[in-house]
Amino acid sequence: MKRIELLLTVCLVFIGHVGHSQTTLVRECKQRAFSKTVSAGNYSGITHIDGNIYALVSDKSENDGFYIFSIVIDTLTGAIADVKEIEFLGDSVCGGDCEGIVFRPSSSTFYICREKDSSIVEYGNDGKLTGKALSVPDIYKNITGNFGLESLTYDEHKHLFWTINESTLPCDGAQATSTNGVKNMLRLQSFTDDLRPCAQYAYMMDAPKADSRSSKYAMGVSEITALGDGALLVLEREFFVPRNKLGAFVQCKLYEVEPSKEFEVNDEMQIDETICLPKHFICSFITKLKLFDWSLANYEGMCLGPTLADGSKVIILVSDSQNRHGGILKDWFKTIVVK
């Protein structure tokens, strides 16, 4: 009898820890640019509103706010068929360095992550500030350089907002460079529907690919996206530019994490790799700047797009072209289909 009770206990514990089935890659679609229907920008975040309508933010827009875009996805392949810019909706406030955006259907409002002051503020559907903001923990205010809050997503089913710092906070160690081989240690933070902080988790990035001096370098998580079942997609992005520019690359890696209570941390804890969330690899891709290859794309925005007929989910990514810098970079859009 005791043996049966023990087996039942083990089974119940196992069942309690079973999450959703792991997400897998179905296909990676080619990136596309739409220079005739999309103005040059610094697009750094994207969120789905309804149907083919999405909102995007730019980290260098004249005023803080968001752009309304139409993005048409092929319903069979998940590839991008068409992208058109419709309008900009903004406030008189400017210079916020807007990096991430989400639309919350229950309130019909938008939340924008501003890297300049590590704030996450609410906007109405007219692009005006409502005066509401998420209560961001103080630990995220102590950020060096351009490595603040870069990401934002909202899980409609769990009723949780999520954000993460782009690179390592000063209290958590050294930041990755193009020469030190350091793995960034980040803090993934959730917020409840009442805009208050909830759970926090440690996340460790992969080691850099770069191993030489650079003229420009950025290694960090540029976006996260809620899959709607408690799991999150994390976009690890490494942007390396050598002194002579040719040979520049952006490597993007997509991982899935499923936050659970046993991995929770807090502001007072020293985080390290022993307490980091397990991560499941989805895919990796590299874009480059070479003599005959101008595909370089710094992907900073990502959101969940439509669900295809076979049940696959489309992940939409948008790149920051630095206003089509030098006439070489483009405002690339890309999709990845997962299931």
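Predicted model, so just to flag it, every value in this text is computed and none were measured. (Residues numbered from 1 in each chain as written. Predicted model: local features only at pLDDT ≥ 70, side-chain atom pairs only at ≥ 80, totals over all residues. Heavy atoms only, no water.)

Trainee: So what about the layout of surface pockets? Which residues, and what values?
Mentor: Of the pockets and cavities examined, the second largest pocket occupies roughly 440 Å³. Lining the second largest pocket are 25 residues; nearest its centre among them are His48, Tyr154, Glu156, Ala226 and Leu304. Examining the composition of the lining of the second largest pocket, we find that six residues originate from one element, strand β21 (residues 299-307), more than from any other. Looking at the lining of the second largest pocket, its residues break down into 15 nonpolar, eight polar and two charged. (1 Å grid on protein atoms, 1.4 Å probe; cavity = no way out; pocket = protein on both sides within 12 Å on 5 of 7 lines; lining within 4 Å. Points joined across faces, edges and corners; volume = space filled by probe spheres on them. Helix = DSSP H or I, 4+ residues; strand = E, 2+ residues; numbered from the N terminus. Nonpolar A, V, L, I, M, F, W, Y, C, P; charged D, E, K, R; others polar.)

Trainee: Can you tell me about the pairing of strand β13 (residues 185-192), naming the residues and giving the values?
Mentor: For β13, the buried fraction is high: seven of the eight residues fall into the buried class. Sheet topology places strand β12 (residues 160-164) next to β13; five bridges connect them, and they run antiparallel. When the bridges of β13 are listed, tryptophan 162 appears paired with serine 190. Two strands pair when backbone bridges link them, and β13 and strand β14 (residues 197-204) are joined in this way by six bridges, in the antiparallel orientation. Paired with arginine 187 across the bridge in β14 is alanine 202. (Buried < 20%, exposed > 50% of the residue type's maximum accessible area, 1.4 Å probe, protein only. Pairing = 2+ DSSP bridges.)

Trainee: Mind laying out the pattern of salt bridges, listing which residues take part and the relevant values?
Mentor: A side chain with one charge may pair with a side chain of the opposite charge, provided their charged atoms come close. Tallied over the entire structure, the rule returns 13 salt bridges. A salt bridge links lysine 60 to aspartate 59, with the nearest nitrogen and oxygen atoms 3.6 Å apart. Measuring nitrogen to oxygen at the nearest pair gives 2.8 Å for the salt bridge that ties arginine 187 to aspartate 172. Residue arginine 187 is located in strand β13, and its partner aspartate 172 is located in the loop between β12 and β13; the two are separated by 15 residues in the primary sequence. Judged by its relative accessible area of 8%, aspartate 172 falls in the buried class. Here the residues in one salt-bridge network are Asp206, Glu236, Lys253 and Lys279, joined through shared partners. (Salt bridge = Lys/Arg side-chain N within 4 Å of Asp/Glu carboxyl O.)

Trainee: I'd like a description of empty space enclosed by the protein, backed by residues and values.
Mentor: The final tally for this structure, using the stated rule, is two cavities of 30 Å³ or more. The calculated volume of the largest cavity comes to roughly 60 Å³. Every residue along the wall of the largest cavity is listed here: Met205, Asp206, Ala207, Met219, Glu236, Arg237, Glu238, Gln251 and Lys253. Elements supplying a minimum of two residues to the lining of the largest cavity: β16 (232-241) and β17 (248-257). Considering every element that reaches the lining of the largest cavity, the biggest residue donor is β16, with three residues.

Trainee: Quick one: what's the story with the sheet that holds strand β10 (residues 129-133), residue by residue and with numbers?
Mentor: A sheet is described by the order of its strands in space; here four strands give the open sequence β7-β8-β9-β10, paired in antiparallel fashion. Looking at the sheet topology across the chains shown, the edges are occupied by β7 (98-104) and β10. Taken pair by pair, the neighbouring strands of this sheet meet at an average axis angle of 30°, ignoring direction. As paired elements, β7 and strand β8 (residues 109-114) share six bridges and run antiparallel to each other. Bridge assignment links cysteine 98 to a residue of β8, and that residue is arginine 114. (Axes fitted to C-alpha atoms, helices over the stretch in contact; angles between N-to-C directions.)

Trainee: Help me get a handle on the nonpolar core, residues and values and all.
Mentor: Leu254, Tyr299 and Ile336 are the most contacted members of the largest nonpolar core, which has 25 residues in total. Those elements that place two or more of their residues in this core are β16, β17, β19 (280-290), β21, β22 (313-319) and β23 (332-338). Beyond its immediate stretch of four places on either side in the chain, isoleucine 336 contacts Leu25, Arg27, Glu28, Leu254, Cys283, Phe285, Lys313, Val314, Ile315 and Leu317. Ala199, Tyr203, Tyr217 and Met219 belong to the second-largest nonpolar core, a separate cluster that totals 23 residues. (Core = buried A, V, L, I, M, F, W, Y, C linked by side-chain atoms within 4.5 Å. Contact = heavy atoms within 4.5 Å.)

Trainee: Lay out a nonpolar patch on the surface with the relevant residues and their values.
Mentor: Together, Leu246, Leu291 and Phe292 line one region of the surface with nonpolar side chains, adding up to about 400 Å² of accessible area. Turning to its location among the elements, phenylalanine 292 is positioned in the loop between β19 and β20 (293-294). For phenylalanine 292, a relative accessible area of 81% corresponds to the exposed category. (Patch = residues over 30% accessible without salt bridge, like charges linked within 9 Å, V, L, I, M, F, W, Y side chains within 5 Å. Areas by Shrake-Rupley, 256 points an atom, 1.4 Å probe, with all protein chains shown as cover.)

Trainee: How would you sum up unusual backbone geometry? Please name residues and give values.
Mentor: Unusually for a residue other than glycine, aspartate 97 sits at a positive phi of about 55°. Residue placement: aspartate 97 occurs in the loop between β6 (80-90) and β7. The buried category is assigned to aspartate 97, whose relative accessible area is 19%. In this structure, serine 108 is a non-glycine residue whose phi angle is positive, near 55°.

Trainee: An account of the side chain of serine 151 is requested, with residue identities and associated values reported.
Mentor: As for its placement among the helices and strands, serine 151 is situated in the loop between β10 and β11 (153-155). There is a polar contact of 3.2 Å between the side chain of serine 151 and the backbone nitrogen of glutamate 223. Contact partners of serine 151, with chain neighbours within four places excluded, come to Cys113, Trp162, Thr163, Ile164, Val221, Ser222, Glu223 and Ile224. (Polar contact = N/O pair within 3.5 Å; in protein donor to acceptor, adjacent residues only side chain to side chain.)

Trainee: Outline the sheet that holds strand β5 (residues 65-73), supporting the account with residue identities and numerical values.
Mentor: The sheet built from four strands is open, its strands ordered β3-β4-β5-β6 with antiparallel pairing. The sheet is open, and its two borders are formed by β3 (43-50) and β6, each paired with just one other strand. On average, each strand axis in the sheet is inclined to that of its neighbour by 30°, with strand direction left out of account. Here six bridges tie β3 to strand β4 (residues 53-58), and the two strands are oriented antiparallel to one another. Paired with threonine 47 across the bridge in β4 is alanine 55.

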